[in-house]
Amino acid sequence: MNKTTIAVAKGDGIGPEIMDAVLHIFNEAKVPLNYKFIEMGKSIFEQGHSSGMTDEARQTIEETGILFKGPMETPKGKGVKSINVTARKVWNTYANVRKFRTLKGVDTIFSKAGIPINITMLRENIEDTYGGVEYLQTYDVAVAYRFITRPGSEQFIRYAFEYAVREGIIQITCGHKANIMKLTDGIFLSTFYEIAKEYPSIKVNDLIVDDLAMKLVRMPDKFTMIILTNLQGDIISDLCAGLVGGLGFAPSANIGDNISIFEAVHGTAPDIAGKNIANPTSLIFSGLMLLRHLGVISYADTIENALLYTLEEGKHTSDFGNKDTNSLSTSEFANAIISNFGKKPLEIHNIVDTGTEDFSFQKPKEPEYMQILYTKTEDHDPEKITGTDIFVCSIQTPEELATIAQPLLPQKLELKIISNRGTQVWPHASKYTDSVALFSLRIELKDNTLLLSELEILQLASVISNHLKVVGVAFLKEWGALKGYSMVQGE
């Protein structure tokens, strides 16, 4: 086969030594890869590159279409964004894929109880609160924007169903919090069921994320594949890693249409860096996902069978395994795997023999321009503005705010509700409801047949700002029966 060139960033802390171990295994297996080594992470931040990568590194990754990376550190307290999140978002690797399975030689509560775990989790990787868009509206009140988009959800969820088809997965559970986040998680959940109709052979269900967390801890063997939004997926994927022995055994792939990233998601462990005792298993498994993505499937099968055989032998690094047996160093563990090439696990159900032929990886064609994702206007009802939420900073009572605001409103508008942190405090309130000095004035059309424009709302905000400290404005919109804003608690 022709060799494929990939970008490799060894990472920080233990990153270089575990990456060296994995590449040693690949080289001994004669995997047809060439490597372009690039610098990313802590040292690049310290050189003054606020993104954590150089222009040369970015160019190499975009030329190869593949990044294989070790764990990386983002300096704390410097105000810079996570290099890991930046890489995923810059190249639109919208689907994070993680696999969690029971491994012989890695003892957990569940393995000791004879409860097998084999869960594939896909996490939306671009949107949600990971936009990192936050504001201090007042000294006391911080707000964050949570981006859940219909096109982004569709892109990710369609990939999830296609992945399930390829892997022979017949059941998908969608985790969500649509009982509270009715618009954001509501888009994600409704898109899940819309796309599910196109895949009738796959069984689907959904669980509220807190219920999902409880069920995963109680009966993880009941789940095959789970999909989640970004933040919830981040939390639940670490929970699942804990079920199978920790992040040291949890591989991760970030898949995009043009560029994909394969990485270890555990920490950099600076306390043991350079000691040659780190566990490379997670990065090995991530590397196997990389090889299968590139089409060199037979090489991945050989390495995985050898790794599983090595674990079944009881060989281990110092962080896991039988403490009554000698621990292997990082390099010794890699050499043990190499010595087992050609062998297959003793437990037959663990043998990897896909029967799939190797194929040559074709890097996707470079896009001519940035893609804009949107729903065509003919596919939904026309937009109508019905009112506004105007946020004001004040220590006055809600009754005093209403007295000030009401005379300022045009005849066609009325003050419907004043809320504080999402809870109604006017016209109905409880003296037991504590408030902060940030109130939302919900102002709506008296007659929904009337029209209201963005300019009228901004002009109204300007008028109110002469009397109250306005710190934010939101438009209330409707598309037919779809109300584009949430109700207030107590409304």
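It should be noted that the structure appears before, not after, this text.
Residues numbered from 1 in each chain as written. Predicted model: local features only at pLDDT ≥ 70, side-chain atom pairs only at ≥ 80, totals over all residues. Heavy atoms only, no water.

Another aspect to go through is the overall build of the protein chain. Along the protein chain, the regular secondary structure elements total 14 helices and 18 strands. For the C-alpha atoms alone, the extent of the protein chain along its principal axes is close to 85 × 50 × 50 Å. By element, 52% of the accessible surface of the protein chain is carried by carbon and sulfur atoms, the whole surface being about 24100 Å². For the protein chain, the distance from the average position of its 48 positive side-chain charges to the average position of its 60 negative side-chain charges is 2 Å. (Helix = DSSP H or I, 4+ residues; strand = E, 2+ residues; numbered from the N terminus. Areas by Shrake-Rupley, 256 points an atom, 1.4 Å probe, with all protein chains shown as cover. Lys, Arg positive; Asp, Glu negative; His and termini not counted. Charge placed at Lys NZ, Arg CZ, Asp CG, Glu CD.)

Quick look at the environment of Ser82 now. Note that Ser82 resides in the loop between β3 (66-69) and α4 (83-90). On the basis of relative accessible area, Ser82 is assigned to the partly exposed category, the value being 26%. One polar contact links the side chain of Ser82 to the main-chain amide nitrogen of Asn84, over a distance of 3.2 Å. (Buried < 20%, exposed > 50% of the residue type's maximum accessible area, 1.4 Å probe, protein only. Polar contact = N/O pair within 3.5 Å; in protein donor to acceptor, adjacent residues only side chain to side chain.)

A few words on the environment of Asn125. With respect to the secondary-structure elements, Asn125 resides in the loop between β5 (118-124) and β6 (134-136). C-alpha separation for the pair Asn125 and Asn96, spaced 29 residues apart in sequence, amounts to 5.8 Å. Ignoring any residue separated from it by four or fewer positions in sequence, one finds Asn125 in contact with Arg88, Lys89, Thr93, Tyr94, Ala95, Asn96, Asn230 and Asn254. (Contact = heavy atoms within 4.5 Å.)

Turning our attention to the sheet that holds β5. Two orientations exist for strands paired in a sheet by backbone hydrogen bonds: parallel and antiparallel. With mixed pairing, the 10 strands of this open sheet are ordered in space as β2-β1-β3-β12-β11-β4-β5-β10-β8-β9. If you trace the sheet from one side to the other, it starts and ends with β2 (33-37) and β9 (203-208), each paired once. Each strand axis lies, on average, 25° off the axis of its neighbour in the sheet, ignoring direction. As defined by bridge partners, β3 adjoins strand β12 (residues 260-264) across four bridges and the pair is classed as parallel. Bridging from a neighbouring strand, Leu67 pairs with Ile261 of β12. Lying over the sheet, helix α9 (residues 230-243) contacts β4 (95-101), β5, β8 (171-176) and β10 (225-228), oriented at roughly 155° with respect to β5. (Pairing = 2+ DSSP bridges. Axes fitted to C-alpha atoms, helices over the stretch in contact; angles between N-to-C directions.)

Further remarks concern the sheet that holds strand β13 (residues 383-393). The antiparallel open sheet is built from six strands, whose spatial order is β15-β14-β16-β13-β17-β18. Sheet topology places β15 (423-426) and β18 (482-483) at the edges, where each strand pairs with a single neighbour. Here strand β14 (residues 413-420) runs beside strand β16 (residues 438-445); their pairing, made up of six bridges, is antiparallel. Along β16, the bridge assignment pairs Ile417 with Arg442.

Okay, the pairing of β12 next. Of all five residues in β12, five are buried, a share of seventy percent or more. Where strand β11 (residues 251-255) lies against β12, four bridges are found, and the strand directions are antiparallel. For Ala253, the partnering residue across the bridge sits in β12 and is Phe262. The antiparallel hairpin formed by β11 and β12 contains four residues in its connecting segment.

Here the focus is the side chain of Asn279. Its place among the elements puts Asn279 in the loop between β12 and α10 (281-294). When its relative accessible area of 7% is taken as the criterion, Asn279 is described as buried. For Asn279, the side chain forms a polar contact with the side chain of Thr281, separated by 2.6 Å. There is a polar contact of 3.2 Å between the side chain of Asn279 and the side chain of Asp319. Apart from residues lying up to four places away in sequence, Asn279 is in contact with Ile18, Gly248, Phe249, His266, Thr317, Asp319 and Phe320.

Let us look at the packing of aromatic side chains. According to the stated counting rule, one finds 12 aromatic pairs in the structure shown. Between the aromatic rings of Tyr35 and Phe37, the centroid separation amounts to 6.1 Å while the plane-to-plane angle is 50°, which identifies the pairing as tilted. Ring geometry for Phe156 and Phe188: centres 6.1 Å apart, planes at 20°, overall stacked. Of the two residues, Phe156 sits in helix α6 (residues 150-167) while Phe188 sits in helix α7 (residues 184-196), which places them 32 residues apart along the sequence. This pair shows no difference in class: Phe156 is buried, exactly as Phe188 is. Taken together, the ring pairs connect Phe161, Phe192, Tyr193 and Tyr199 into an aromatic cluster. Seen from the ring of Phe37, Lys10 lies directly overhead, with NZ or CZ sitting 5.3 Å from the centre. Of note, Arg123 hangs over the ring of Tyr130, and the distance from its end group to the ring centre comes to 5.2 Å. (Phe/Tyr/Trp six-rings, centres within 6.5 Å; stacked < 30°, edge-to-face > 60°. Lys NZ or Arg CZ within 6 Å of the ring centre and 35° of its normal.)

Attention shifts here to helix α14 (residues 454-465). In a regular helix each residue adds 1.5 Å, so 12 residues correspond to 16 Å; α14 covers 16 Å between its end C-alpha atoms and thus fits that length. For α14, the full list of buried residues reads Ile457, Leu460, Ala461 and Ile464. Along α14, the residues classed as buried sweep out an arc of 100° about the axis, all on the same side. (Expected span 1.5 Å × (residues − 1). Arc of directions from axis to C-beta.)

What follows deals with the packing of helix α1 (residues 15-28) against α10. The geometry of α1 relative to α10 is characterised by a closest axis approach of 10 Å and an angle of 45° between their N-to-C directions. The angle between the axes of α1 and α10 places the two elements in the oblique class. For α1 against α10, the interelement crossing comes out right-handed. Counted together, Ile18, Met19, Val22, Ile25 and Phe26 of α1 and Leu283, Ile284, Gly287 and Leu291 of α10 form the full contact between these two elements. Here the contact of α1 with α10 is composed, by residue class, of eight nonpolar, one polar and no charged. (Parallel < 35°, antiparallel > 145°, perpendicular 65-115°, else oblique. Left-handed = near helix turned anticlockwise from the far one by under 90°. Nonpolar A, V, L, I, M, F, W, Y, C, P; charged D, E, K, R; others polar.)

Turning our eyes to something else, we now look at the packing of helix α8 (residues 209-218) against α9. For the pair α8 and α9, the least separation of the axes is 10 Å and the interaxial angle reads 5°. As summarised for this structure, α8 and α9 are arranged roughly parallel, according to the angle between their axes. On α9, the residues touching Val209, Leu212, Ala213, Leu216 and Val217 of α8 are Gln232, Ile236, Leu239, Cys240 and Leu243. For the contact of α8 with α9, the per-class residue count stands at nine nonpolar, one polar and no charged.

Moving on: the nonpolar core. As a rule of thumb, nonpolar side chains are buried together in soluble globular proteins. With 75 residues, the main nonpolar core has Phe26, Phe68 and Ile227 as its most contacted residues. In terms of residues, this core owes the most to one element, α10, which gives eight residues. Counting residues in hydrophobic clusters, the runner-up holds 22 residues, among them Ile385, Ile390, Ala402 and Leu441. (Core = buried A, V, L, I, M, F, W, Y, C linked by side-chain atoms within 4.5 Å.)

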